[in-house]
Amino acid sequence: MITNREEVLENALRVFAKMNYEKASQTVIAKACGLSKAGLIYYYPFKQDLFIAVIDKYVFGMQSASRKFNFAYRTMAEFIDQYIAGVEHTMRRLVALLGEGGSPHKCKPNFYYYHLLMQVRLYYPDADKKINEIFMQDYEVWRTAIKAAKESGELRQDLDVDDSAMLFRQMFFGLSFEQAFLKGLDTRLLSNKLHFIYSLLKA
């Protein structure tokens, strides 16, 4: 029998990601954890409390820029490579947590993660503010890198930093979302696309 709070969160993550919040009853979650309903309630008396704990750890925690990326770059090209490395590291962790099986829909883990994000917007208190903070963190790392590359002469001087950051960020987000419906994000393709944008903006 599972008695570890960490394992409860991991199993609850898989349930919430692969089921709608309304259908993910405490009984269903407890069974996935190898617990009785009473055993689950010992850790989290209310389903929403458990959902919030899962989201804090596996969405807002894992997507925090300070945890997701470890930048030490000198050029914009190096920044892009390190950005991809951070995305890959986070994605490997999530794929390992969510797994390939356990659903009749046969979707990839990337899709289930987006499914979870949609539920965050519906069921997490003040979700819009928290999600916006995560998005703004990502835009800021792009803005910082672009500004430095522009000041060093690596990028064109006529570039608008905010517009350029949005171009890179939306390529990542759009490709990630689109490919979640198929086989999951191809980070080699993402790298090619980001470096292509970089080639257009070079001085």
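Residues numbered from 1 in each chain as written. Predicted model: local features only at pLDDT ≥ 70, side-chain atom pairs only at ≥ 80, totals over all residues. Heavy atoms only, no water.

The number of helices and strands found in the protein chain is 10 helices and 0 strands. When the elements of the protein chain are put in sequence order from the N terminus, they spell out α-α-α-α-α-α-α-α-α-α. C-alpha atoms of the protein chain, sized along the principal axes, occupy 65 × 30 × 25 Å. Sorting the 203 residues of the protein chain into buried and exposed places 44% on the buried side. Averaging the coordinates of the 27 positive side-chain charges in the protein chain and doing the same for the 23 negative ones gives two points 7 Å apart. (Helix = DSSP H or I, 4+ residues; strand = E, 2+ residues; numbered from the N terminus. Buried < 20%, exposed > 50% of the residue type's maximum accessible area, 1.4 Å probe, protein only. Lys, Arg positive; Asp, Glu negative; His and termini not counted. Charge placed at Lys NZ, Arg CZ, Asp CG, Glu CD.)

Another aspect to go through is a nonpolar patch on the surface. On the surface, Met-118, Phe-177, Phe-181 and Leu-182 cluster together into a nonpolar patch covering about 410 Å² of accessible area. Structurally, Met-118 is set in helix α7 (residues 109-123). (Patch = residues over 30% accessible without salt bridge, like charges linked within 9 Å, V, L, I, M, F, W, Y side chains within 5 Å. Areas by Shrake-Rupley, 256 points an atom, 1.4 Å probe, with all protein chains shown as cover. Salt bridge = Lys/Arg side-chain N within 4 Å of Asp/Glu carboxyl O.)

Applying the stated criterion to the full structure yields 7 salt bridges. The salt bridge involving Arg-143 is made with Glu-140; its shortest N-O contact spans 3.1 Å. A residue pair is termed a helical-turn pair when its members lie 3 or 4 positions apart in one helix, as Arg-143 and Glu-140 do in helix α8 (residues 127-152) at 3 residues. In this structure, Glu-151 engages Lys-147 in a salt bridge whose closest nitrogen and oxygen atoms are separated by 2.6 Å. Taken together, the positions of Glu-151 and Lys-147, both in helix α8 and 4 residues apart, correspond to about one turn of that helix. The network of salt bridges with shared partners includes Glu-140, Arg-143 and Asp-162.

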